[in-house]
Amino acid sequence: MVAQDPAERPAPAVLPAPAVRPEVWETYGPADLSAVPVFAGGFINFGYWACVDLERPLTQDDRIRSEQDLYRRVLDAVAPGGGRAVEIGCGLGLGCALALDEYGPASVTGVDIHPHQLRRARAANAPLLAARPPRLRFVLGAAEDLPLGDAGFDCLYSVEAVQHFPDLQAFAREAARVLRPGGRVAVAGFFSVDGVPAPQERLAGLLETFASGLDIARPVSRLTQAFAGAGFDDVRADSIGPQVWPGWDRWLARQWAPGTWPRNFMTAWEQRILDYHLVTAARP
Ligand SMILES: C[S@@+](CC[C@H](N)C(=O)[O-])C[C@H]1O[C@@H](n2cnc3c(N)ncnc32)[C@H](O)[C@@H]1O
């Protein structure tokens, strides 16, 4: 008899597919954001540009380096060591591969709500998936209802997906459930600035992704309170906006003129409506 993997939830015969909001379905399905030139290369995040010289013309390698560095910033915070890691909103799974390559976890499970993204992730990581013993797998699931067993992971991380999660409390509860005692969580993403009145309306006026409902405006305190409410300790939120927005805007300036909506991410940060945070916590 094969022992049950504690990271696997004992599953009913057929797991229902998670409901995907229409804006998320379109962006990461038919529209395939990873194929848009500003994101070419497979990562879909705004990057952490601290190690990139912004004074010289930027290259695609610079941008990919910044996107990898955002993962490194997050993975440094959870220190996967030899443990089991799970990434929520893994996209094309390049961050899972980076974690395996550079941080030495026993395994990485990439979870994403979109079946098209997981199809791309499996294609992009075919050699790693074929390795024996297997250390990487991809699972279809929603942050708010993870198809994973209790206490099966040593760390959980997420990079630039949280702005799409409709229910932060459910996400925090699920993170607490799937982590073992002592497990760590790290989430990087953008949030409205605490205390800003009507952030959804103001951000929708600047940015198409908020106007369409793809991105949801919430202050970072909503996530820290959700983690605290789910029983996490040592909950903290650090602004990493200075390492994200100026570099991302320099990158966008190659293809987008001032005043076009993608450049308004920088405007929203300068106007103190939006910021980028790394949120960390530990399960007691
Ligand atoms: C901006 S991409 C980031 C992908 C990857 N983390 C990266 O940095 O390249 C956001 C990802 O989150 C996924 N996603 C959106 N809502 C989700 C949810 N509720 N649960 C799990 N994944 C979700 C999307 O399908 C998409 O692949």
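Everything numeric here is computed off the predicted structure, so don't read it as measured data.

## Digging into the pattern of salt bridges
Throughout the structure, instances matching the rule amount to 12 salt bridges. Note that Glu67 and Arg63 form a salt bridge whose closest N and O atoms lie 3.2 Å from each other. Placement of both Glu67 and Arg63 in helix 2 (residues 60–78) is noted, with a separation of 4 residues, approximately one turn of the helix. Residues Arg236 and Asp238 are paired through a salt bridge, measuring 2.8 Å at the closest nitrogen-oxygen approach. With relative accessibility at 23%, the residue Asp238 sits in the partly exposed group.

## Considerations on helix 9 (residues 220–229)
What helix 9 keeps buried is the set Val220, Ser221, Leu223, Thr224, Ala226 and Phe227. On the buried face of helix 9, the contacting elements are helix 6 (168–178), strand 5 (179–192), strand 6 (233–239) and strand 7 (274–282).

## Description of the site of the ligand
Around the ligand there are 23 residues in total, and Ile44, Tyr71, Gly89, Asp112 and Val159 lie nearest to it. With respect to the ligand, the side chain of Tyr71 contributes an N or O atom lying 2.9 Å from a nitrogen atom. Residue Ile113 places a main-chain N or O atom 3.3 Å away from a nitrogen atom belonging to the ligand. Protein burial of the ligand: of its 600 Å² of free accessible surface, 98% is covered by the chains. Across the shell around the ligand, the residue classes tally to 12 nonpolar, 7 polar and 4 charged.

## Describing the state of the cysteines
Linking two cysteines covalently through their sulfur atoms gives a disulfide. On inspection of all chains with the given rule, the structure shows 0 disulfides. Here Cys90 is not disulfide-linked; the sulfur of Cys96 is the nearest cysteine sulfur, at 4.7 Å. The exposure class of Cys96 is buried, given its relative accessible area of 0%.

## Focus: helix 2
Within an α-helix, residues lying three or four positions from one another point in the same direction, as the helix has 3.6 residues per turn. Spanning 19 residues, helix 2 covers 28 Å between terminal C-alpha atoms, matching the ideal 27 Å at 1.5 Å per step. Regarding helix 2, the residues found buried are Asp62, Arg63, Ile64, Ser66, Glu67, Asp69, Leu70, Tyr71, Val74, Leu75, Ala77 and Val78. On its buried face, helix 2 is in contact with strand 1 (84–88), helix 3 (94–103), strand 4 (153–159), strand 5, helix 10 (241–252) and strand 7. Positive phi shows up at Ala79, right after helix 2, with a value of about 45 degrees.

## Quick word on the environment of Ile273
With respect to the helices and strands, the residue Ile273 is situated in the loop between helix 11 (264–270) and strand 7. When the C-alpha atoms of Ile273 and Gln200 are compared, they prove to be 9.8 Å apart, with 73 residues separating the residues in sequence. Not counting residues up to four positions away in its chain, the partners in contact with Ile273 are Phe191, Ser192, Val193, Val196, Arg202, Leu203, Leu206 and Ala268.

## Structural notes on the sheet that holds strand 5
Taken in spatial order, the 7 strands line up as 3-2-1-4-5-7-6 in an open sheet, and their pairing is mixed. Across the chains shown, the open sheet's two edge strands, defined by having one partner strand only, are strand 3 (136–140) and strand 6. If you compare each strand with its neighbour and ignore which way they point, the axes differ by 15 degrees on average. As judged from the 5 bridges shared by strand 6 and strand 7, these two strands associate in the antiparallel manner. Bridge pairing in strand 7 links Asp233 to Ala282. Docked against the sheet, helix 4 (residues 115–124) engages strand 2 (107–112) and strand 3, running at close to 165 degrees with respect to strand 3. The sheet strands contacting helix 6 are strand 1, strand 4 and strand 5, and the helix crosses strand 5 at an angle near 155 degrees.

## Focus on the packing of aromatic side chains
The final tally for this structure, using the stated rule, is 18 aromatic pairs. Centre to centre, the rings of Phe46 and Phe190 are 5.5 Å apart; their planes meet at 5 degrees, and the pair counts as stacked. On the criterion of sequence distance, the pair formed by Phe46 in the loop between helix 1 (22–28) and helix 2 and Phe190 in strand 5 is long-range, its members being 144 residues apart. Of the two residues examined, Phe46 and Phe190, each falls in the buried class.

Rules behind the numbers
- Residues take numbers from 1 onward in each chain, read along the sequence in its written order.
- Side-chain atom pairs in this predicted model are given and counted only at pLDDT of 80 or more, local residue features only at pLDDT of at least 70, and totals for whole chains, interfaces and linings cover all residues.
- Heavy atoms from the whole structure form the basis of all side-chain values; hydrogens and water molecules are not counted.
- Salt bridge, as used here: a side-chain nitrogen of Lys or Arg that lies within 4 Å of a carboxyl oxygen of Asp or Glu.
- Only DSSP runs of H or I with at least four residues qualify as helices, and only runs of E with at least two residues qualify as strands; both kinds are numbered from the N terminus onward.
- Here the term buried applies to any residue with accessible area under 20% of the maximum for its type, exposed to any over 50%, and partly exposed to those in between, with areas from a 1.4 Å probe on protein chains only.
- What makes two residues a contact is simply this: any of their non-hydrogen atoms within 4.5 Å.
- It suffices for a single heavy atom of a residue to lie within 4 Å of a molecule or strand for the residue to be listed as near it.
- The term polar contact refers here to a pair of N or O atoms within 3.5 Å; inside protein, the definition further demands a hydrogen-donor-capable atom paired with an acceptor-capable atom, and it admits residues adjacent in sequence only when both atoms are side-chain atoms.
- Only the protein chains shown count as cover for residues, and all accessible areas are computed by the Shrake-Rupley method using a 1.4 Å probe.
- Under this grouping Gly is polar, as are all residues other than the nonpolar Ala, Val, Leu, Ile, Met, Phe, Trp, Tyr, Cys and Pro and the charged Asp, Glu, Lys and Arg.
- The disulfide criterion is simple: two cysteine sulfur atoms within 2.5 Å.
- One less than the residue count of a helix, multiplied by 1.5 Å, gives the span that helix is expected to have.
- Strand pairing is defined by DSSP finding a minimum of two bridges between the two strands.
- Comment: axis = line fitted to C-alpha atoms, over the contacting stretch for helices; angle = value between 0 and 180 degrees taken between N-to-C directions.
- When the centres of two rings from Phe, Tyr and Trp lie within 6.5 Å, Trp using its six-membered ring, the rings pair. Their planes under 30 degrees apart give stacked, over 60 give edge-to-face, and anything left gives tilted.

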